[in-house]
Amino acid sequence: MNRGQKKLKIGIPRTLFSSYHLTYWRQMITLSGMEAILSEESSKETAERGGRRLPHEFCIPIKVFIGHILNLLDKGVDQILLPRMITKGKANFFCPKLIGLPEIVRFTTCLGTERMFSPEIVCDGLGLRVIKLPDLDPAMSRRMKTAARQANEDCKGVLTKCRTQRLTLPEATGLFKIDRSGERLNIGLLGYAYSIYDPFISKKILEKLYKLGCAVTTWEMLEPGLIERNLAGLKRPLFWNFGRMLLGAGLSFIDDSGIDGLIYATAFGCGPDSVATKILSIEAGLRQKPLLLVNLDVHQEDGHLRTRLEAFTDMLAALKEERVV
């Protein structure tokens, strides 16, 4: 970029794909000489703005995502990051709505393709690789390739930190820090990152569990090999990318005697979750591992979710006490 030339402002929606790889995208954009602009945190207004642009059958994460796009347009960014997610292999697919994000945004917000920053990527849930960059001048393309390699190393460092220090993605990236004192139970928490780590969508479920004295184990704390070994035992494979990861992690939690119970947080109308939660419900029942399914859309009031979590953790504490006696 020439000295004195205005930096290109790239907007990053703070939800969906960036819930998994915010470190990667922010680093790649910044190291390329552009300016990364984040959307505001999700809120009721975000969901309502996005929901007005979509049919009712779309899930709440997509409605929130469109609200984030509108927020970035309000900020006057030059382009908006909308990666095109490519299927990896013959049995590893993204949710159709994630695959079609650029088209959904185009037809709901009238955003022209010239304002979309859409690299093509392949992803296995946590690992990410850019296979095609947008059409850029040669100098910018070279900078972006170098930046992508550095961002990938930084992303690997975050995931290593999650596994070695048993941190969630937001904690490992410094987005928030929570007091973990007084841990009486260990909960295996399952759910897509854009559901359980978005304060609005999740109703702050992670913070609520910490306040109830629970340690929380999540999918990013597990080695990928362990997840794949659990999936290898299935009679029929699950084809959805992020869903596979959650199912493999859930099966690991069921087998782990150090996990007192599982909580699976999902959004209404999620097709991949309808399959994964059914399999986990059967396996948890066979092995007598407590499992709580939470539909985040149902709990409009904060107290509803808190009451369910309190009842579930009190039951787990009583069961744990009985086993000790």
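Analysis parameters
- Residues numbered from 1 in each chain as written.
- Predicted model: local features only at pLDDT ≥ 70, side-chain atom pairs only at ≥ 80, totals over all residues.
- Heavy atoms only, no water.
- Helix = DSSP H or I, 4+ residues; strand = E, 2+ residues; numbered from the N terminus.
- Rg over C-alpha atoms; globule rule 2.2 N^0.38 Å.
- Buried < 20%, exposed > 50% of the residue type's maximum accessible area, 1.4 Å probe, protein only.
- Contact = heavy atoms within 4.5 Å.
- Right-handed = clockwise from strand over helix to strand, strands pointing away.
- Salt bridge = Lys/Arg side-chain N within 4 Å of Asp/Glu carboxyl O.
- Polar contact = N/O pair within 3.5 Å; in protein donor to acceptor, adjacent residues only side chain to side chain.
- Domains from an automatic or database assignment.
- Buried area = accessible area lost by both parts, 1.4 Å probe.

**Thoughts on the overall build of the protein chain**
If you tally the helices and strands in the protein chain, you get 13 helices and 11 strands. The C-alpha atoms of the protein chain give a radius of gyration of 20 Å, which matches the 20 Å a tight globule of 325 residues would have. Viewed in the frame of its principal axes, the protein chain has a C-alpha envelope of about 70 × 40 × 40 Å. Buried positions account for 51% of the 325 residues belonging to the protein chain. Nonlocal contacts in the protein chain, meaning residues at least 24 apart in sequence, comprise 73% of its contacts between residues at least 6 apart.

**Here we look at the pairing of strand β11 (residues 291-295)**
A regular strand places its side chains on the two faces of the sheet in alternate fashion. Alternating residues of β11 divide into Leu292 and Val294, all buried, and Leu291, Leu293 and Asn295, none buried. Between strand β10 (residues 261-266) and its parallel partner β11, the chain crosses via helix α12 (residues 271-286), and the hand of that crossover is right-handed.

**Topic: the pattern of salt bridges**
Across all of its chains, the model carries 9 salt bridges by this definition. Between glutamate 153 and lysine 156 there is a salt bridge, with its nearest N and O atoms 3.9 Å apart. Taken together, the residues glutamate 153 and lysine 156, both in helix α6 (residues 138-165) and 3 residues apart, mark about one turn of the helix. Overall, lysine 156 belongs to the partly exposed group, its relative accessible area being 45%. Each of Asp255, Glu283 and Arg287 takes part in one network of salt bridges that share partners.

**Topic: the side chain of threonine 168**
Note on placement: threonine 168 falls in the loop between α6 and α7 (169-172). Threonine 168 sits in the buried class, given a relative accessible area of 0%. Engagement of the side chain of threonine 168 in a polar contact is seen with the side chain of glutamate 171, the distance being 2.8 Å.

**Examining the domain arrangement of the protein chain**
One can read the domain layout of the protein chain as domain 1 (9-163) and domain 2 (166-324). Put simply, the middle of domain 1 and the middle of domain 2, counted by C-alpha atoms, are 25 Å apart. Between domain 1 and domain 2, the contact holds 32 residues from the first and 31 residues from the second. A buried area of about 2,700 Å², summed over both sides, lies between domain 1 and domain 2, and 67% of it is on carbon and sulfur atoms.

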